Amino acid sequence: MGEREFILFIAMVSAVSALAIDTLLPAFSAMREAFNLPEDSTGLSLTITLFFVGSGIGNLVYGPMADSLGRKRVLVGSLVLYALASLMATFSVTLGMLYVSRFIWGFAAAGPRTASQAIVRDYYSGDAMARVMTLVMTVFFWAPVAGPPLGKGLVALGSWRYVMAFSVFTALAIVLWSLRLEETLKPEHRRALTFRTTLDGFRSVTSHPVTLGYTLATTFSAGAFFSFLGSSELIFDDVFDQEQWFVPYFSIMAAGMGLVALLNHRALHWFRARNLALGAGLLQMAGASTMLSLAMVNGGTPPFVLWITIFSLTNACLVAFFPLGQSLALEPMGEMAGTASAVLGFAMALFGAGLAALIDQAVSGTVTPVGVGYLAYGTAAIACQLFAVRHQRRKMMATSQL
């Protein structure tokens, strides 16, 4: 597998989780009718929540397994479970059966994510890894653009069950593609899969100052970004009364995020990953300060176009930071990249979602809570980055003195 094929493969593996969510959203109307739910029922939103909960738990399971059994076994095994869960959802006859299948589906989706990041770390390190991760993110961010139209088309073609069945074939196609991939974790670097070694692995990851610093920075940034995903529709509708612009904006924003990731990749040819990460964090804080100032001066409802523009640019800074922060967090881990990726994914999925909820619940006719949350999380993320950079520099100085 050549480098270009490898990057495209990893990007598609990373995108399976996003597609499992984005293709489902346009099917909610048909699913409410199929399960005899009222038109205004929010019961199907639990299918998204359970997917994220399953994914968060799955990260902690698949990480140690990837460090013990090898990356490829975990990748293939989790994709097979992903296909089976999708098949179960396809033939769900009750809402309870659908909920169970979505939890298992999310649990399975954590495997490809954890294994793929560990595989990238096995092949690359430092700024080279950051460059690969930015290219992966470029493809990944096109999933929100392609997902809803694809889901809508599948519903129109047959029924909501076609959307579920599509993921079965996606997973199996990637399994077949993975036959071209060699195992990247050498046998001599594998760890025993016991409770003690697993616990020691998690302790090693969370106690390493560089990995811990960038993991926390990424988690705080995820809190802000997940809030963007969760509250954007409410901001357009409830705060600005511009509901008709939400879908076009979201599609354009998703495409713009892919462009930001690509520009980030270009920038890594001239700048170090940690310097770009700090720059993105500082720009995000500047954008958040501007958002908050505009909101406070205008009683919580600033001029729509101006505020949305600043909001979009601030989110672009978050997008620029994510692949850099994840690469820098995994950099010191080596053969424990699976466990480190699991901790990172768990923190982003659960703690990041919790931080986002604090902002989302406060948005009611005003965007002031968004500015407050973005600024608070951005400040915390910069503090965590500086903590990691300080330890990086200390290690470099200690190494140079030897």
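In what follows, the structure referred to is the one given above.
A quick note: this is a predicted structure, and the numbers were derived from the prediction, not measured. Numbers given to residues run from 1 along each chain, matching the order in which its sequence is written. This being a predicted model, a pLDDT of at least 70 is required before a residue's local features are given, and a value of 80 or more before pairs of side-chain atoms are given or counted; all residues contribute to the totals for chains, interfaces and linings. With hydrogens and water set aside, each side-chain value is computed from the structure's full complement of heavy atoms.

Colleague: Tell me about the overall build of the chain, and please be specific about residues and values.
Modeller: Each helix is a run of DSSP H or I of at least 4 residues and each strand a run of E of at least 2, with the numbering of both proceeding from the N terminus. Counting its regular elements, the chain contains 15 helices and zero strands. Relative to the globule expectation of 21 Å for 402 residues, the C-alpha radius of gyration of the chain, 21 Å, shows essentially globular dimensions. Once the C-alpha set of the chain is aligned to its principal axes, its extents read approximately 65 × 55 × 35 Å. Exposure is judged per residue with a 1.4 Å probe applied to protein chains only, and the accessible area is read against the type maximum: over 50% gives exposed, under 20% gives buried, and values in between give partly exposed. Across the 402 residues of the chain, 52% fall into the buried class. Every radius of gyration here is taken over C-alpha atoms, with the globule rule written as 2.2 Å times N^0.38, N being the number of residues.

Colleague: Quick one: what's the story with the pattern of salt bridges, residue by residue and with numbers?
Modeller: Between side chains of opposite charge, a pair can form as their charged atoms come close. Between Lys or Arg on one side and Asp or Glu on the other, a salt bridge is scored when a side-chain nitrogen of the former is within 4 Å of a carboxyl oxygen of the latter. Per the stated rule, a full pass over the model turns up four salt bridges. Of the charged contacts in the structure, one is a salt bridge between R180 and E5, with a shortest N-O distance of 2.7 Å. Placement of R180 in the loop between α8 (160–177) and α9 (195–207) and of E5 in helix α1 (residues 3–22) is noted, with a sequence separation of 175 residues between them. Of the residues examined, E5 reaches a relative accessible area of 22% and is grouped as partly exposed. A salt bridge links D122 to R71, with the nearest nitrogen and oxygen atoms 2.8 Å apart. Here D122 is found in helix α5 (residues 95–123), whereas its partner R71 is found in helix α4 (residues 71–90), with 51 residues between them in sequence.

Colleague: Could you give me a rundown of the packing of aromatic side chains, with the residues and numbers involved?
Modeller: For this analysis, a ring pair means two rings from Phe, Tyr or Trp (six-membered ring only for Trp) whose centres lie within 6.5 Å, classed as stacked if their planes differ by under 30 degrees, edge-to-face if by over 60, and tilted for the remaining angles. Per the counting criterion, the structure on display carries 15 aromatic pairs. Centroid distance Y62 to F107: 5.3 Å. Interplanar angle 50 degrees. Geometry classified as tilted. With Y62 in helix α3 (residues 45–69) and F107 in helix α5, this pair connects stretches of sequence that are 45 residues apart. The exposure class assigned to Y62 is buried, which follows from its relative accessible area of 6%. Ring plane angle 50 degrees and centroid distance 5.8 Å describe the contact between F311 and Y374, whose orientation is recorded as tilted. A residue pair is termed long-range when its members are at least 10 positions apart, and F311 in helix α13 (residues 304–330) and Y374 in helix α15 (residues 368–400) qualify at 63 residues. By way of ring pairs, the aromatic residues F240, F304, W307, F311 and Y374 are connected into one cluster. Geometrically, a charge over a ring is one whose NZ (Lys) or CZ (Arg) sits within 6 Å of the ring centre while staying within 35 degrees of the ring normal. In this structure, R102 packs its charged tip against the face of W105, placed 4.6 Å from the ring centre.

Colleague: Before we move on, could you go through α9 and cite the residues and values that matter?
Modeller: One less than the number of residues in a helix, times 1.5 Å, gives the span that helix is expected to have. The terminal C-alpha atoms of α9, which comprises 13 residues, lie 18 Å apart, in line with the 18 Å expected from a rise of 1.5 Å per residue. Along α9, the residues that are buried comprise G201, F202 and V205. Viewed along the axis of α9, the buried residues span an arc of 95 degrees, placing them on a single side of the element. Away from the buried face of α9 by more than 90 degrees, exposed residues R196 and S207 are located. Along the arc lie the directions from the helix axis toward the C-beta atoms.

Colleague: Please give an account of a nonpolar patch on the surface that cites residues and values.
Modeller: Side chains of V80, L84, L87 and F91 sit close together on the surface and give an oily, nonpolar patch of about 380 Å² of accessible area. Residue placement: L87 occurs in helix α4. Residues enter patches when their relative accessible area tops 30% and they take part in no salt bridge; the joining distance is 9 Å for like charges and 5 Å for the nonpolar side chains Val, Leu, Ile, Met, Phe, Trp and Tyr. The Shrake-Rupley method, run with a 1.4 Å probe sphere, supplies the accessible areas, and residue values consider only the shown protein chains as cover.

Colleague: Just give me the short version of the nonpolar core, but keep the residues and values in it.
Modeller: Among the nonpolar cores identified, the biggest contains 57 residues, and F228, I235, W307, F311, V370 and Y374 are the most heavily contacted of them. Only α6 (126–140), α10 (209–239), α11 (246–267), α12 (273–297), α13, α14 (337–360) and α15 provide two or more residues apiece to this core. For this core, the element with the most residues is α13, which contributes 13 residues. Contact criterion: two residues are considered in contact whenever any of their non-hydrogen atoms come within 4.5 Å of each other. Not counting residues within four places of it along the chain, the set of residues in contact with I235 comprises F240, W307, F311, V363, V367 and V370. Nonpolar cores were defined as sets of buried Ala, Val, Leu, Ile, Met, Phe, Trp, Tyr and Cys residues, with membership established by side-chain atoms within 4.5 Å.

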